[in-house]
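Report on the structure
Chain residues, written in single-letter form:
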Amino acid sequence: MRVLATAPGKLVIAGEYAVLEGAPALVLAIDRQARVTLEDTDGSDYEITAPGLGIDAAHGRLDAAGRIAWPALDAAASAPLRLVGAILETLGAEDRPPPFRASLDTRAFHAGSDGRRKLGLGSSAALTVALASAIGTLGRRGVPSLDTLLAAHRRAQDGYGSGLDVAASLTGGLLLYRLHDGQPRIAPATWPQGLAWCCVWTGRPASTGLFLQRLAAWRAQAPARHAAAMRELGDCATAAAGATSAAALLEAVAACAQALERLGAASGLDIFSPEHRALAALAARLGVAYKTCGAGGGDIGIALATDAARLQAFRRAASAAGFPVLDLHPAAAASVQAH
């Protein structure tokens, strides 16, 4: 059997960090796809290749227990293999998936001259959804549940993350995501008519996991200040989740940006990096709202406006300043095809 699975990336419109405290997050699935091709094999190992990440058939091998045969690969190459191992361990809690040959393609999530600098669009979550769905289909067990996908992704991420990126990759579209007693809750959302947006890459990748670790350390050191920052972010995210007009969502996103900047100043996290500050200044001069997407510190930001001409002026100014404007569009749910 041969299985092809795809899953989209994500943009966090509002709710970063606060979602970990139970606030809602507004998340949009976007049309950068992780692609996985899976074939069954007569061998005993799992054979992995990953175009663009330096993983070939000789080195991309995991044994029947999901252990990497070549652990000395560089970080960029070994990360997807660790993810494969985490997925195998999670799915194999009761029944180990049969051996397979897999090709993993996340090149749509990377840029730079070497094609290996991440954009920050949720590649690991998209790969988790696509690969786990393909494995489930190959083993005739179907697409795993959201809870199973979250468990696999968190295992690979050392337990960090809210899971909103996994949910967006699985369901597609615009959604509201929140954690209730630690359990994910998802509801569809509608993008307000008349609100235009675009995304800009800072040119510098950032580590969400590292930022979450540092945030946890700051929370332990300054619990009262952390709680106050999360309340402010939560209020902004709640306003964004409840916005029913373009003007209301624009105002809420602008407030989220200010709250994220204050969180960075209080915690020492470089959320609004120099690149983000330069883009925010451009946006302010042109009457456009701008905020980081996700943990910040690099990766991408989103600009929004109710005036299409103002947004177009921002796009030109950002490009002229050396910041790539990404061609992104909303995406549908993950898909799986078997032949």
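Source: prediction; values computed, not measured.

Quick word on the environment of L269
Residue placement: L269 occurs in the loop between α7 (246-267) and α8 (274-285). Distance from L269 to L212, taken between C-alpha atoms, is 9.6 Å for residues 57 residues apart in sequence. In this structure, L269 is in contact with Y17, F211, R214, L215 and G264, ignoring residues within four places of it in sequence.

Quick notes on the sheet that holds strand β12 (residues 300-305)
The strand order across the open sheet formed by four strands is β11-β12-β10-β13, and the pairing between neighbours is antiparallel. Of all strands in the sheet, those with a lone pairing partner are β11 (289-292) and β13 (325-326), marking the two edges. Inspection of the sheet shows strand β10 (residues 196-201) paired to β13 by two bridges, in the antiparallel sense. Opposite V200, over in β13, you have V325 as the bridge partner. Set on the sheet, α7 makes contact with β11 and β12; between it and β11 the angle comes to about 45°. Here helix α9 (residues 308-320) sits on the sheet and contacts β10, β11, β12 and β13; the angle it forms with β10, its principal contact strand, is near 10°.

Details of the environment of A331
Relative to the assigned elements, A331 resides in the loop between β13 and β14 (335-338). Put simply, A331 and H276 are 55 residues apart on the chain and 25 Å apart in space, counted from C-alpha to C-alpha. Residues in contact with A331, not counting those within four places in the same chain, are P8, A29, I30, D31, Q33, G172 and G173.

Digging into α8
Given a rise of 1.5 Å per residue, 12 residues ought to cover 16 Å, and the 17 Å separating the end C-alpha atoms of α8 matches this to within 8%. Along its buried surface, α8 packs onto β10, β11, β12 and α9. Remark: G287 follows α8 within two positions and exhibits a positive phi of approximately 70°.

What to know about the domain arrangement of the protein
Taken domain by domain, the protein comprises domain 1 (2-189 + 330-338) and domain 2 (196-326). Here the C-alpha centre of domain 2 lies 25 Å away from the C-alpha centre of domain 1. Counting from both sides, the interface comprises 27 residues of domain 1 and, opposite them, 36 residues of domain 2. Across the domain 1-domain 2 interface, the total number found is three salt bridges. A salt bridge links R219 to E21, with the shortest nitrogen-to-oxygen separation between them at 3.0 Å. Breaking the side of domain 1 that touches domain 2 down by element, the ones donating at least two residues are β1 (2-14), β2 (25-40) and β7 (117-118). Residues of the side of domain 1 that touches domain 2, tallied by class, amount to 18 nonpolar, four polar and five charged.

Conventions used here
- All residue numbers refer to position in the chain's written sequence, counted from 1.
- At least 70 in pLDDT is required for a residue's local features to be given in this predicted model, at least 80 for side-chain atom pairs to be given and counted, and no such filter applies to totals for whole chains, interfaces and linings, which use all residues.
- Here the side-chain values reflect all heavy atoms present in the structure, with hydrogen atoms and water set aside.
- Put simply, DSSP marks the helices as runs of H or I at least four residues long and the strands as runs of E at least two long, and each gets a number from the N terminus on.
- When checking whether two residues touch, look at their non-hydrogen atoms; a contact exists if any pair is within 4.5 Å.
- Only when DSSP finds a minimum of two bridges between them are two strands counted as paired.
- For helices, the fitted axis covers only the stretch in contact; all axes are lines through C-alpha atoms, and the angles between them, taken along N-to-C directions, range from 0 to 180 degrees.
- Residue count minus one, scaled by 1.5 Å, sets the expected span of a helix.
- An automatic or database domain assignment is the source of the domain bounds shown.
- Any Lys or Arg side-chain nitrogen located within 4 Å of an Asp or Glu carboxyl oxygen qualifies as a salt bridge.
- We call Asp, Glu, Lys and Arg charged. Ala, Val, Leu, Ile, Met, Phe, Trp, Tyr, Cys and Pro are nonpolar, and the rest, Gly among them, are polar.

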